[in-house]
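Structural overview
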Amino acid sequence: MVLMTEYQFNIDSGYLEGLVRGFKNGILTRADYLNLVQCETLEDLKLHLQSTDYGNFLANEPGSLAVATIDDKLREKLVIEFQHMRHMSYEPLSTFLDFITYSYMIDNIILLITGTLHQRPISELIPKCHPLGSFEQMEAIHVASTPAELYNAVLVDTPLAPFFVDCISEKDLDEMNIEIIRNTLYKAFLEAFYKFCEDLGGATADTMCKILAFEADRRAFIITINSFGTELTKDDRAKLYPRCGLLYPDGLAMLARADDYEQVKSVAGYYSEYSVLFEGAGNNPGEKTLEDKFFEHEVELNMLAFMQQFHYGIFYSYLRLKEQECRNIVWIAECVAQKHKAKIDNYIPIM
Amino acid sequence: MGSLFRSEEMLLCQFFLQSEAAYNCVSELGELGSVQFRDINRDMNSFQRKFVNEVRRCAEMERKLRFLETEMHKDGIEVLDSGENPDTPQPKDMIDMEATFDRLETELLEVNANAEALNQNFLELTELKQILLKTQGFFNEHDGNLEPGEALKSEVKKMSLIPPDLSAQEDQQGQLGFLAGVISRDRLPPFERMLWRACRGNVFIRTNEIETPLKDPITGDEVHKCVLLIFYQGEQLKTLVRKICEGFRANLYPCPETANERQDMAMGVMARIEDLKTVLSQTQDHRHRVLVAASKNLHNWWIKVRKIKAIYHTLNLFNLDVTNKCLIAEGWIPAPEMESVQLALRRGTERSGTSVPPIVNRMSTRENPPTYNRTNKFTRAFQDLVDAYGVAAYREVNPAPYTIITFPFLYATMFGDFGHGTIMTLFALWMVLNEKKLQAKKKLNEIFLTFFHGRYLLLCMGLFAIHNGHMYNDCFGKPLNIYGSSFRVNYK
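Note that the structure is a prediction, hence the values are computed from the model and not measured.

Within chain B one finds 15 helices and 13 strands. Taken over the C-alpha trace, chain B has a radius of gyration of 38 Å; the compact-globule value for 492 residues is 23 Å, which it surpasses by more than 25%. For chain B, the C-alpha atoms occupy an extent of roughly 125 × 95 × 40 Å along the three principal directions. Across the 492 residues that make up chain B, the buried fraction comes to 40%. Considering only contacts in chain B between residues 6 or more positions apart, those separated by 24 or more positions represent 82%. Of the roughly 29400 Å² of accessible surface on chain B, 55% is carried by carbon and sulfur atoms.

Before going further, it helps to spend a moment on the pattern of salt bridges. If you walk through the whole model with that rule in mind, you get 43 salt bridges over all chains. For Arg243 of chain A, the salt bridge goes to Glu191 of chain A, with nearest N and O atoms at 3.1 Å. Of the two residues, Arg243 of chain A sits in the loop between helix H10 (234-239) and helix H11 (250-257) while Glu191 of chain A sits in helix H8 (residues 175-200), which places them 52 residues apart along the sequence. Glu211 of chain B is the partner of Lys134 of chain B in a salt bridge, and the nearest nitrogen-oxygen pair spans 3.4 Å.

The subject of this paragraph is the UniProt feature "transmembrane region" (unreviewed entry) in chain B. As recorded in UniProt, the feature "transmembrane region" (unreviewed entry) lies at residues 409-432 and 444-466 of chain B. Helix and strand shares over residues 444-466 of chain B are 87% and 0% respectively, and the end C-alpha atoms of the span are 29 Å apart.

The next point concerns the packing of H8 of chain A against helix H9 (residues 202-227) of chain A. Residues and elements named next belong to chain A. For the pair H8 and H9, interaxial distance at closest approach is 8 Å and the crossing angle is 160 degrees. By the angle class used here, H8 and H9 are roughly antiparallel. As H8 runs across H9, the sense of the crossing is left-handed. Here Asn183, Tyr186, Leu190, Phe193, Tyr194, Cys197, Glu198 and Leu200 of H8 lie close against H9, whose contacting residues are Gly202, Thr204, Ala205, Met208, Cys209, Leu212, Ala213, Glu215, Ala216, Arg219 and Ile223. For the contact of H8 with H9, a count of residues per class yields 13 nonpolar, three polar and three charged.

What follows is about empty space enclosed by the protein. All names here are of chain A. Within the structure shown, the criterion is met by two cavities of 30 Å³ or more. The computed volume of the largest cavity comes to approximately 40 Å³. If you go around the largest cavity, the residues you meet are Ile100, Ser103, Tyr186, Phe189, Leu190, Phe193, Leu212, Tyr316 and Arg320. Looking at the lining of the largest cavity, the elements that each hand over two or more residues are helix H5 (93-117), H8 and helix H15 (313-338). For the lining of the largest cavity, the element with the most residues is H8, which contributes four residues.

If you trace the backbone, Phe139 of chain B turns up in helix H4 (residues 91-159). Between the alpha carbons of Phe139 of chain B and Ala381 of chain B there is a distance of 74 Å; along the sequence they are 242 residues apart.

Now for the interface of chain A and chain B. The interface is formed by 23 residues belonging to chain A together with 20 residues belonging to chain B. Together chain A and chain B conceal approximately 2000 Å² of surface at their shared face, both sides included; 52% is due to carbon and sulfur atoms. Contact with chain B buries area across many residues of chain A, yet Leu47, Glu139 and Val143 of chain A alone supply 24% of it, more than any other trio. The interface formed by chain A and chain B includes four salt bridges. For Arg56 of chain B, the salt bridge is made with Asp44 of chain A, and the minimal N-O distance between the two is 2.5 Å. Taken together, chain A and chain B are joined by four residue pairs in polar contact (both at pLDDT 80 or more). For the side of chain A that touches chain B, the elements supplying multiple residues, two or more each, are helix H3 (42-49) and helix H7 (147-154) of chain A.

All names here are of chain B. The four strands are arranged E4-E7-E3-E8 in an open sheet whose pairing can be described as antiparallel. A strand with exactly one partner marks an edge of an open sheet, and here the two such strands are strand E4 (204-209) and strand E8 (251-253). Between one strand axis and the next, the sheet turns through 25 degrees on average, direction left out of account. The pairing of strand E3 (residues 177-184) with E8 spans three bridges and is classified as antiparallel.

Our next topic: the environment of His299 of chain B. Counting through the fold element by element, His299 of chain B comes out in helix H8 (residues 259-316). Here His299 of chain B falls in the buried class, since its relative accessible area comes to 12%.

Residue and element names in this part refer to chain B. Summed over all chains, the structure comprises 41 aromatic pairs over all chains. Ring geometry for Phe5 versus Tyr402: centroids 5.8 Å apart, planes at 45 degrees, classification tilted. Of this pair, Phe5 sits in helix H1 (residues 2-5) while Tyr402 sits in helix H11 (residues 400-415), placing them 397 residues apart in sequence. Among the residues examined, Phe5 registers a relative accessible area of 35% and is labelled partly exposed. Where Phe378 meets Tyr456, the ring centres are 5.6 Å apart and the plane angle is 80 degrees; that geometry is what we call edge-to-face.

In this section: the layout of surface pockets. All names here are of chain A. Estimated volume of the largest pocket: approximately 1100 Å³. What lines the largest pocket is a set of 31 residues, among which Asp107, Arg182, Glu215, Arg219 and Arg327 lie closest to the centre. When contributions to the lining of the largest pocket are tallied by element, the ones reaching two or more residues are helix H4 (67-87), H5, H8, H9, helix H14 (290-305) and H15. When the residues that make up the lining of the largest pocket are grouped by side-chain class, the tally is 12 nonpolar, six polar and 13 charged.

Analysis parameters
- Residues numbered from 1 in each chain as written.
- Chains lettered and ligands numbered in written order.
- Predicted model: local features only at pLDDT ≥ 70, side-chain atom pairs only at ≥ 80, totals over all residues.
- Heavy atoms only, no water.
- Helix = DSSP H or I, 4+ residues; strand = E, 2+ residues; numbered from the N terminus.
- Rg over C-alpha atoms; globule rule 2.2 N^0.38 Å.
- Buried < 20%, exposed > 50% of the residue type's maximum accessible area, 1.4 Å probe, protein only.
- Contact = heavy atoms within 4.5 Å.
- Areas by Shrake-Rupley, 256 points an atom, 1.4 Å probe, with all protein chains shown as cover.
- Salt bridge = Lys/Arg side-chain N within 4 Å of Asp/Glu carboxyl O.
- UniProt positions renumbered as here; feature names shortened; annotations may be inferred.
- Axes fitted to C-alpha atoms, helices over the stretch in contact; angles between N-to-C directions.
- Parallel < 35°, antiparallel > 145°, perpendicular 65-115°, else oblique.
- Left-handed = near helix turned anticlockwise from the far one by under 90°.
- Nonpolar A, V, L, I, M, F, W, Y, C, P; charged D, E, K, R; others polar.
- 1 Å grid on protein atoms, 1.4 Å probe; cavity = no way out; pocket = protein on both sides within 12 Å on 5 of 7 lines; lining within 4 Å.
- Points joined across faces, edges and corners; volume = space filled by probe spheres on them.
- Buried area = accessible area lost by both parts, 1.4 Å probe.
- Polar contact = N/O pair within 3.5 Å; in protein donor to acceptor, adjacent residues only side chain to side chain.
- Pairing = 2+ DSSP bridges.
- Phe/Tyr/Trp six-rings, centres within 6.5 Å; stacked < 30°, edge-to-face > 60°.

Next comes the structure, spelled out in structure tokens:
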């Protein structure tokens, strides 16, 4: 607790906090989104983005613009910012930022294994991986055919080794198993991250634990809803729920027994924050989907993180907000490119 | 001199320009540099304005010029700043320029692609040569053990009752297969570790470093690499080893088993390397020639494209009249320059060949006009210094002319050293005398640029410092006694 006092924060992380707050001020506002929505072509989009913090990031792209190029360039800018912050950070901020990259590593591993399963050459899969989650042994992942081999040959030297403890088995890697591995890895990662933030204490623990608890509960809800109608048994499902959220232990037990959407909604009814999200969510046109409501709540929590000073939560929140912004811009770009503007307003406004 | 003590009188004018003449009129006004246009279309989005397409074309031309400039930078060709000011090209000349840039860009891209393919080939051959050289040592010991063994085995074969094809299988079982390859040095430790783990320790690897760094064809960086020799037994391990090599981007090459074959291969590879080197040097020459030819005009092209872009940006600020016949613009001009502005507009309409004269209409307004201080290269530094504290209001007293004396004097009061003042004056004098040469250089250090912009300021400060040092009798920190003491004892 003493180490995290406000007096000593600026010695190691003052520059980075100032940098992140500066970046955060450049996040697109509602006015920007209103302008973007009025674009007729992708070139107009590029022209408008030139006047924002993005500047001339698309200036050197030859030929006509594609949505995939815009997506790549947006991500590249974010990656450069994050890597600069990681390079300039001291402990414990470095470990904190490393923890953030582990989630991307998990996604990359699953992507590569799935791709190998579908006989794609490794050179085609590597460009699709997220740059923040790359590690040395990533490209040699296709030598493994069972989780045990995957652990012994590849993952044991990576920082993900401790998360893999629950997943080692001798069964072959197939579609179902891969999803289970993904969720088990993510559960172990989330719980480890939660514990790490809790140990840091102070304002970091305040903001991060709230955000991570919501993330855990959101995953629990999504896993439950997506598992209706699949072969996943209730016991297996219960093993995938992260335990660091508000739902632990009673809510998770109830969710494990749920059979349909209505039961899930009733479970959410016991928790005031989540009952609000489930109300009014549906798949009818004009209503927001549950995923959108979750995104909105996440954006709210992340914006709140900036209200406090001298903590590490702003780095995590900034990354998440920028990702949401990228998703928004790509959504609008897709609608503009396909000239189908009916749902163009389905972005999540941030500022 | 009257205008030095306060800012100039400004007039708000409305310009009515005919659509065809607008381009040339704005170009003439741009050369004059006396008008500050206001944005009439403030509520319009940037992509809804009239000349958006032309601005986009200019941006595309700038992109091509930037590409050319980076290519020249890679080859180390310097772009000369000739210091001339080319005229603004007409809108129809824009198409010619676009065609030229396009042609240069495609040609350069083609040459680059060819060079990349050739470099890739060269890299493979170089790596193969290194493999053949380095593995010589490994195989000598390997073969040394095997040679007597092989001789024994062949004798055994002749004398054996087992049919020849079966005995060949037995030979293979005891025989170690090997793979030869090249991997970059920084990937070597994780590669070895993964090989050990994945094959459960059943493969044997020997490495040797390549001293000279090899050039990567795509990025052009020089990478240090190592030669690998991996020995394994059995087909399964072979596929596993291949997969891992592919994962760590180690390039595998076929390496023959016997020493004689290796010698022959080495000769062949050296000959091919020599051929490739000549082809590569020719490609490089061609590319160099193309870039040098383009570099002579690059600076002019940059200025022309920038001028066109600036004109279209300015035209975007104008309002198109309802009858579509003329453009309406609003701008501030200094009152003494009204004549020259009208002359410039007339020149513009003559150049475009239309007969309708442009109209400049004075508007009366209650708005606060902008402050315009006319400066030359000497007074600009002092004016900037004063503006850093705050720009004076319209027609307010301008402190800058007084600053020319007071600022250096106060500085010298604190500095007050004859010797150090001389050094400072000489430095500033050198910058002032070599003004033109230093201004032409593009890549000046940022800190030096700060001093360069204030060279006249430094000169004044230095001169005053010499004077004050003289008054303080201080030279390089040591006291000077030139005039003797002025102390007089007055009591008897």
